[in-house]
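Residues per chain are reported as follows:
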Amino acid sequence: MPVVVSTLLNNHDLALVAVAALLCALSSFAGISLLHHARRTAGAMQMVWLAVAAVSVGFGIWATHFVAMLAFHPGVAVGYDLPTTLASLSLAIVVVGGGLWFATIGTSAGDSILAGAVVGLGISVMHYTGMAAVIVGGAIVWDFTLVALSILTGMTLGAAALWLARAPTLRGRVGAPVLLTLAICTMHFTAMGAAGFADCYPIVAEGTPTWLWLVLSLASSIILGLAMGGTLLDLRDRRHGAESARMRELADAAVEGIVIVRHGTISATNRSFRQLVNSEAEAGGRPLLDFLDAAACEALERTPNATIEGRLKVDGGDIPVEAVAHEIEFQGVRQQAIAIRDVSTRKQAEEHIRFLAHHDALTGLPNRVSFGRRLNQTIEDARSDGRSCSVLCLDLDRFKQVNDLYGHAAGDALLRRVGLILQREIGETGYPARLSGDEFAVVLNATTSLDAANRVAQRLLQAFARDVPETEDDSAISASIGIASFPGDAQSAEQLMSAADMALYRAKQDGRGAYRMFEATMNDELRDRRLVANDLADAADAGQLRLTYQPQVDIASGSVTGLEALIRWHHPERGEIAPGVFIPIAEENGLILQIGEWVLRTACEEAASWRVPLSLSVNVSAAQIHNPSFSRLIHQVLVQTGLSPTRLEIEVTETALVRDLTRAVTTLRQIRALGVRVAIDDFGTGHSSLTHLGAFPFSRIKLDQSFVRTFDRNLQSAAIVHAVIELGRYLGTPVVAEGVERPEELAFLRTEGCETAQGFLFGRPAPITAFAGLQQRQAC
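Residues numbered from 1 in each chain as written. Predicted model: local features only at pLDDT ≥ 70, side-chain atom pairs only at ≥ 80, totals over all residues. Heavy atoms only, no water.

Draft legend 1. Highlighting the overall build of the protein. A count of helical and extended segments in the protein gives 28 helices and 23 strands. Nonlocal contacts in the protein, meaning residues at least 24 apart in sequence, comprise 69% of its contacts between residues at least 6 apart. Surface summary for the protein: the accessible area is close to 35,300 Å², and the carbon and sulfur share equals 57%. (Helix = DSSP H or I, 4+ residues; strand = E, 2+ residues; numbered from the N terminus. Contact = heavy atoms within 4.5 Å. Areas by Shrake-Rupley, 256 points an atom, 1.4 Å probe, with all protein chains shown as cover.)

Structure, rendered in structure tokens:
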């Protein structure tokens, strides 16, 4: 060892030695930083970072050696062989790279020690190959004891350096580069002490070759660049570490349960997940299958980034959840972060709405859509078996007087009593339903007896008569019934219902509280309907049609945000004809497309002239939605009238989507592509299928007025309003409440968080001139 110290102090330029040591330290720091970074990556990028780390350390060893050789004065001029010099650089990079690769894939401390020994061996290989590049006369005499000591020292310190580099702590980040620097420098100067130049003589000119200075300058630049890069990576990794700690805190603050999973085993959970499963114990180390059902676990593994539904096991059972998995880096490895949301409340709301899709909320009877499906099926069964079936249409007598005299609560109670009687008396012989308001219907099962409908009608009227009011506010039940049969009176469901309606009308004319069978003479009413249809065909050209508008109001501010266009018909002989009368006639006779175009064009022309750019809502029929050219018509009208598409909203009822959902959705998407908004109207009264809300992103949901008006008399109606508003909030779709007539209704809607409302409380339908003052105020 005295020889090593003497050689260092007496035969070296210590200033250049310091430069060599500095380059060595910089390259060691860069190499260890890049090794840490490579461990946190995977795949091809890991090999890239390992290669960069190998270049950094390899260049450092090589540059340290040759700068130190420039500092060395053996007493004789020496030169260097270029190919051998470059070979020493290549060997350093390859051998050191192998050691770093093994350190990266190794899992134990022994693997790191062995990898460090390989790096130390690479230092020795580079040194002695570099010494072989020395050009000098005679032969260098080696002290093989010191040679062995130099190799052993390099391998030992290299092993210690990579063992310490296993942990990305401050000790590992600082201590490992220091040990690696010591490994390189100690090995070099020990090996230089083993070299004897006493028998050597000069065979080259004095001075350092220019190419060596150039290569050393290049190596120094590379080392400096890699050192800076390593510093930046180290700073970034530290920042990421701090961010990871903050992310863990944020995860605990998240409402959703979060589970970190690797290879099916839980690594960590947040507080919300532990609350979901009703356990404060950390679930780390347990299989995900202990908590989530097998199908959901498989789906998360198969389809990352996709939301799936499953069941989460909790104390006392399981709950429905939604889960989505994303791949993240956690604790230095790629893992799955699974977000789990409890959807129990939403599922209950969906189940309730799904029930409402087929049933009437007040009476619990099937609704119009369910009745229509059952009627069609019964007719098909009767046709195939050669039997008959009948339909009974019921309408309560003087029901409006009950509401006016006793209040809506009494009217609702009356409707519920009627529903209970229908369920009890019809039983398995038919299918009762509430169509709307005080209108009910029954389809009787296919039978060979034509008198079955008469007996059922008599039994119902007797049951109504026997029903005794329980309180003074309850009124007696009186109803009129119309009956029509297949195939004698009609051949289709529409014709059968029309015939039963005619018979019902006759029963009311004959004194109420009775039933009537359809008769051919009732076709006179059909003739009258045809006359109405004939007049309706020319009503637009004759100037008999006009538009009125009803305001839509922002509940929070009370300001008018838009107007809904409503059609009215003043017949020169019949006077005012209600839309509920002529719109069905228009649909039956194919006039609805013509009238619908008139409404759309007229409304857009008027709206384009408004001083205040309020939104315009226009109702469209099923026939328009299923017309392939409807979207082109809207585009044409917008271009011709100059109305901005963003101001126009079309309203389509749920029943309009039933006939051909695919075609309807295609048309609605074309309309949305124009920039026009699309709202679903009368939500909750028709085919309120969640499939429709999922099939098309509606701009708004218009809640039917029947639920709003009865919220304080019917807990189910209040629950429905709440469920629909919550559903809209979850879907990000605003809800508009229709039919608001009382301040109490407005206050309830405001409490529930409904955004927009319309109804008589804000204004009755009126010509656009009635809103001139509103437009002037808002324009100001």
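Next comes the rest of the account.
Draft legend 2. Layout of the packing of helix H19 (residues 592-608) against helix H21 (residues 630-641). Axis separation between H19 and H21 bottoms out at 9 Å; the angle between their running directions is 30°. Taken together, the axes of H19 and H21 are roughly parallel relative to one another. Regarding H19 and H21, the two cross each other, and that crossing is right-handed. Where H19 approaches H21, its residues Glu597, Leu600, Arg601, Cys604, Glu605 and Ala608 are matched on the opposing element by Leu633, Ile634, Gln636, Val637, Gln640 and Thr641. Here the contact of H19 with H21 is composed, by residue class, of six nonpolar, three polar and three charged. (Axes fitted to C-alpha atoms, helices over the stretch in contact; angles between N-to-C directions. Parallel < 35°, antiparallel > 145°, perpendicular 65-115°, else oblique. Left-handed = near helix turned anticlockwise from the far one by under 90°. Nonpolar A, V, L, I, M, F, W, Y, C, P; charged D, E, K, R; others polar.)

Draft legend 3. Seen up close, the confidence of the model for the protein. When the pLDDT values of the protein are averaged, the result is 81; 87% of them are 70 or greater. In the model, residues 210-214 has pLDDT below 50 throughout and makes ten contacts with residues more than four positions away in sequence or in other chains. (pLDDT = per-residue confidence, 0-100.)

Draft legend 4. Quick peek at the sheet that holds strand E10 (residues 389-396). Spatial ordering of the open sheet is given by E11-E12-E10-E13-E14, a layout of five strands whose pairing is mixed. This sheet does not close on itself; its edge strands, each paired only once, are strand E11 (430-436) and strand E14 (515-517). Each adjacent strand pair in this sheet contributes to an overall mean axis angle of 20°, direction not counted. Bridging between E10 and strand E12 (residues 439-444) involves five bridges; their strand directions are antiparallel. Counted as the bridge partner of Asp395 is Glu439 from E12. Sitting on the sheet, helix H15 (residues 452-466) touches E10, E12, strand E13 (479-486) and E14, and the angle it makes with E13 is about 165°. (Pairing = 2+ DSSP bridges.)

Draft legend 5. Structural context of the packing of aromatic side chains. All told, the structure shown has four aromatic pairs when counted by the stated rule. Relative to Trp610, the ring of Tyr549 has its centre 5.7 Å away and its plane inclined at 80°; by these criteria the two rings are edge-to-face. Taken as a pair, Tyr549 in strand E15 (residues 545-554) and Trp610 in the loop between H19 and strand E18 (615-619) lie far apart in primary sequence, 61 residues in all. Residue classification places Tyr549 among the buried positions, given a relative accessible area of 0%. Its relative accessible area of 8% is what places Trp610 among the buried residues. With a centroid separation of 5.6 Å and an interplanar angle of 90°, the aromatic rings of Trp569 and Phe582 are classed as edge-to-face. (Phe/Tyr/Trp six-rings, centres within 6.5 Å; stacked < 30°, edge-to-face > 60°. Buried < 20%, exposed > 50% of the residue type's maximum accessible area, 1.4 Å probe, protein only.)

Draft legend 6. View of the pairing of strand E16 (residues 560-571). Most of E16 sits inside the fold, with nine of its twelve residues counted as buried. In this sheet, E16 lies alongside E15 in antiparallel orientation, the contact comprising nine bridges. Across the sheet, Pro551 pairs through a bridge with Leu563, a residue of E16. Between E15 and E16, which pair antiparallel and follow one another directly, the connecting turn spans five residues, one of which, Gly558, has a positive phi of 80°. Taken together, the four bridges between E16 and E18 define a ladder with parallel strand orientation. Following the sheet pairing, Gly562 is matched in E18 by Ser615. Where E16 meets strand E17 (residues 575-577), three bridges bridge the pair, whose relative direction is antiparallel. Bridging across to E17, Trp569 finds its partner in Ile577.

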